[in-house]
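Tertiary structure, described
What follows is each chain in one-letter form.
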Amino acid sequence: MGATNLLILCSDEHTPRAMGCAGHAIVKTPNLDRLAARGTRFTSAYTPSPICVPGRASLATGRHVHATGCWSSAEPYDGVMPGWGHRLIAEGHQVVSIGKLHYRETSDANGFDPEILPMHVLNGVGWATALLRHQREPDKDAWAYAAELGPGETSYTTYDRAVCDAARDWLRDAARRTGDKPWVLFVSFVSPHFPLIAPSRFFDLYPPDMMDLPIAYDSAERPRHPVLKALTGHLDYDSHFTGEDQLRLARAGYYGLCSFLDDNIGKVLGVLEEVGLADDTRVLYTSDHGDMLGNHGIWAKSVMYEDSAGVPMILSGPGVPEGGSVATPVSLVDVYQTAVGAVGGALNEDERGLPGDSLIDIANGAHSERAVLSEYHDGGSVTGFFMLRQGRWKYIHYVGYAPQLFDLEADPDELIDLGEVDEYAEVRVDCEAKLRDIVNPEAANQRAFADQAARIEALGGEEAVRRLATFGFTPVPGP
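Residues numbered from 1 in each chain as written. Predicted model: local features only at pLDDT ≥ 70, side-chain atom pairs only at ≥ 80, totals over all residues. Heavy atoms only, no water.

A few words on the overall build of the protein. A count of helical and extended segments in the protein gives 15 helices and 16 strands. Relative to the globule expectation of 23 Å for 479 residues, the C-alpha radius of gyration of the protein, 21 Å, shows essentially globular dimensions. Projected onto its principal axes, the C-alpha positions of the protein cover 60 × 50 × 50 Å. Looking at the 479 residues of the protein, the share that counts as buried comes to 61%. When contacts within the protein are restricted to residue pairs at least 6 apart in sequence, long-range pairs at least 24 apart make up 74% of them. A total accessible area of about 17400 Å² is found for the protein, and carbon and sulfur atoms account for 50% of it. Of note, the protein has its 40 positive side-chain charges centred 2 Å away from the centre of its 67 negative side-chain charges. (Helix = DSSP H or I, 4+ residues; strand = E, 2+ residues; numbered from the N terminus. Rg over C-alpha atoms; globule rule 2.2 N^0.38 Å. Buried < 20%, exposed > 50% of the residue type's maximum accessible area, 1.4 Å probe, protein only. Contact = heavy atoms within 4.5 Å. Areas by Shrake-Rupley, 256 points an atom, 1.4 Å probe, with all protein chains shown as cover. Lys, Arg positive; Asp, Glu negative; His and termini not counted. Charge placed at Lys NZ, Arg CZ, Asp CG, Glu CD.)

In structure tokens form, the structure reads like this:
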């Protein structure tokens, strides 16, 4: 595998279905489709946690959430646990970020130098109410998800344009520099994260009256699992939707943001071609998690359904098969080995013990029997969620509660929960054993609650946490 530069393009909240190359009948993503045609698309890719802060900490370090201790939206990565960026900087590679990171703060040694236009958690704390996992009252900011819909501009679309422009400028400068070491550039957009307001040029591609409706949206079709009912009772977005017109408007806004994201990605890739770096650069596109978009009556993320825990994943460049797809489960923890290998590095003994594998190797047929893990310990969760994906099976272990099981080959929309069906008892036993090969869920759950209790005390106690700033989404960095 020859050494090349590596351009990582990351989005926020992009469900893996919402791309033309993934077979979506409505969403238009011509630039991502071209990237997939030039490389390999991973059709079973997952986030280590379906919420921004923990998922991004795992992406940075190549470690699962139970190893990073970045359990929730108020326990951000602080750079102390080394990641692939630290490793490559120490070896003389330039490793640069442009855009959203969602770590604690730029003054930490986060594994990028420099951080350009960084977006981190608010005030170095984040969404503190995520720590109060026992609360049952609806989140007071949930109304905004259904209220901010349609065509227009937001601070997020303005920010993404600035990230795009900065990335293009950086690539033009990189083409003029000389050096003997490949670089890594991490370009991180916030689209299609809500608010679901898309610039008119892109929103107009999706007339609301022609949009699809959520799957399994009827009340009789929604999940009855008590843990999910508790979660959606707190993250109560759906009660603020008033009818089909509003559902279609929300989906039009999201699809418009997907096309806006795709346009920005096309502009960045266009400069890579323009300056002659395309043949010497591998490109990886992914997202930190997905969005349910009303499917199963759930909006945003935080659950283990495919639309939330799944992510898009496309890799192209030297050594990557063109125009194919790979069903082997992969994860954001695999970025560590991918980044090190892409620039020509070899893993040391400690790194060989990390859970990930190189996506370049997986694209070429390696590790076909592997399993991946996702976990959730954030707002609204009365207990820890641990999801194992292997082969056709998705198994979700809720500590202290009955599991869920889905056969994704026969039931890709996850309409039939086999978690308590006698016929599938052996499958559940096998999946749980494989899960426990990766993590002891009871021990991890206990540590998460203990760490979060300590974090609450460090912030001044529960009442102090309740008084901290609340928000529907992280504000963009100020001047």
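Attention now moves to the nonpolar core. Tyr145, Leu196, Phe241, Tyr255 and Trp299 are the most contacted members of the largest nonpolar core, which has 51 residues in total. Here this core gets eight residues from one element, more than from any other, and that element is helix α9 (residues 244-274). Beyond its immediate stretch of four places on either side in the chain, Trp299 contacts Tyr145, Tyr217, Tyr237, Asp238, Phe241, Leu247, Ala250, Asp291, Met292, Leu293 and Gly294. Formed by 37 residues, the second largest nonpolar core is a distinct cluster that contains Leu284, Val320, Leu354 and Ile360. (Core = buried A, V, L, I, M, F, W, Y, C linked by side-chain atoms within 4.5 Å.)

Our focus in this paragraph is the sheet that holds strand β5 (residues 115-119). Taken together, eight strands build an open sheet; the order of strands is β5-β4-β7-β1-β9-β10-β2-β11 and the sheet is mixed. Either end of the sheet is taken by a strand with one partner, and the two such strands are β5 and β11 (324-326). Along the sheet, successive strands turn relative to each other by an average axial angle of 15°, direction set aside. (Pairing = 2+ DSSP bridges. Axes fitted to C-alpha atoms, helices over the stretch in contact; angles between N-to-C directions.)

Right, let's talk about the sheet that holds strand β14 (residues 385-390) for a bit. Pairing in this open sheet of four strands is antiparallel, and the strands run β13-β14-β15-β16 from one edge to the other. What marks the edges here is a single partner per strand, and that holds for β13 (372-376) and β16 (404-407). Recorded for the sheet is a direction-independent mean angle of 15° between the axes of neighbouring strands. Looking at chain direction, strand β15 (residues 393-398) and β16 are connected through four bridges and run antiparallel. Residue Ile396 lies in a different strand from β16, and its bridge partner there is Gln404. Of the strands in this sheet, β13, β14, β15 and β16 touch helix α13 (residues 425-438), which is tilted by about 70° from β15.

Here we come to the pattern of salt bridges. Enumeration over the complete set of coordinates arrives at 31 salt bridges. Notably, a salt bridge pairs Asp169 with Arg172, separated by 3.7 Å at the nearest N-O pair. Of the two residues, Asp169 and Arg172 are both situated in helix α6 (residues 155-176); the distance of three residues between them amounts to about one turn of the helix. Taking the relative accessible area as the measure of exposure, Asp169 reaches 44% and is therefore partly exposed. A salt bridge links Glu442 to Arg436, with the nearest nitrogen and oxygen atoms 2.9 Å apart. Where salt bridges share partners, they join Asp12, Arg56, Lys100 and Asp288 into one cluster. (Salt bridge = Lys/Arg side-chain N within 4 Å of Asp/Glu carboxyl O.)

Now for the packing of α6 against α9. Where α6 meets α9, the axes come as close as 8 Å, and the angle between the chain directions of the two elements is 10°. When the axes of α6 and α9 are compared, the pair comes out roughly parallel. Between α6 and α9, the contacting residues are Thr157, Asp160, Arg161, Cys164, Ala167, Arg168, Leu171 and Arg172 on the first element and Leu257, Phe260, Asn264, Lys267, Val268, Val271, Leu272 and Glu274 on the second. When the residues that make up the contact of α6 with α9 are grouped by side-chain class, the tally is eight nonpolar, two polar and six charged. (Parallel < 35°, antiparallel > 145°, perpendicular 65-115°, else oblique. Nonpolar A, V, L, I, M, F, W, Y, C, P; charged D, E, K, R; others polar.)

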